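Reading the structure
Listed here are the chains, written in short residue letters.
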Amino acid sequence: MPDARPQTQPATWRIVLAAIFDFLMAFFVFGFVLASIFGGRTDGGFKLTGMPALLLFVLIIAYFIVFNRYLGGTVWKRILRAQRP
């Protein structure tokens with residue numbers, strides 16, 4: 001007889017926390033890389049305007065789409081075990 005246990009969903013707080021951490025991580029990593037490429041680094045971090053700033057948000061959206069659709073979940077979803085079955 002097959003195992004009939006229902007699969008449980010991860011807690012909502014894990015899903016929300018993973019999304020927040022993923023956004024912040026992608027923002028700072030991609031922002032720092034783009035600022036290094038386009039010359040937007042400052043003493044306190046980075047400052048992007050115009051096309052590099054738009055490119056930053058495109059990369060953040062692409063991060064969520066690619067990782068969730070093709071790689072089985074984002075980095076923080078895997079760390080916090082917030083993936084839905």
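Reading the values: rules and limits
Here, residues in each chain are numbered from 1, in the same order as that chain's written sequence. Note on the predicted model: pLDDT of at least 70 is required for a residue's local features to be given, and 80 or more for side-chain atom pairs to be given and counted; whole-chain, interface and lining totals, by contrast, use all residues. Values reported for side chains reflect all heavy atoms of the structure, with hydrogen atoms and water molecules removed beforehand. In this description a helix means any DSSP run of H or I spanning at least four residues, a strand means any run of E spanning at least two, and both kinds are numbered starting from the N terminus. Throughout this description, buried means an accessible area under 20% of the type-specific maximum (1.4 Å probe, protein chains only), exposed means over 50%, and partly exposed covers the range between. Residue contacts follow a heavy-atom distance rule, with two residues in contact if any of their heavy atoms lie within 4.5 Å. By this rule the span expected of a helix is its residue count minus one, scaled by 1.5 Å. An arc is given here, and it is the one of the directions from the helix axis to the C-beta atoms.

Now for the environment of alanine 26. Secondary-structure assignment places alanine 26 in helix H1 (residues 12-38). According to the relative accessible area criterion, alanine 26 is buried, its value standing at 3%. Between the alpha carbons of alanine 26 and phenylalanine 64 there is a distance of 9.1 Å; along the sequence they are 38 residues apart. Setting aside anything within four residues of it in sequence, one finds alanine 26 in contact with Gly31, Leu56, Ile60 and Tyr63.

This brings us to the environment of glycine 72. Mapping glycine 72 onto the fold places it in the loop between helix H2 (51-70) and helix H3 (75-79). Residues glycine 72 and alanine 26, spaced 46 residues apart in sequence, show a C-alpha to C-alpha distance of 17 Å. When neighbours within four sequence positions are excluded, glycine 72 is seen to be in contact with Phe67, Arg78 and Gln83.

Turning our attention to the environment of valine 29. Structurally, valine 29 can be placed in helix H1. Taking relative accessible area as the criterion, valine 29 reaches 45% and is therefore assigned partly exposed. Note: C-alpha distance between valine 29 and isoleucine 61 (32 residues apart in sequence) is 14 Å.

Looking now at H2. With 20 residues, H2 extends 27 Å between its outermost C-alpha atoms, agreeing within 8% with the 28 Å of an ideal straight helix rising 1.5 Å per residue. Within the span of H2, buried status applies to Pro52, Ala53, Leu56, Ile60 and Tyr63. Looking down the long axis of H2, one finds its buried residues gathered within 105° of arc, a one-sided arrangement. Of the exposed residues in H2, the ones pointing more than 90 degrees away from its buried face are Met51, Leu54, Ile61, Arg69 and Tyr70. For H2, the elements touching its buried residues are H1 and H3. Glycine 72, located one to two residues past H2, shows a positive phi value of around 80°.

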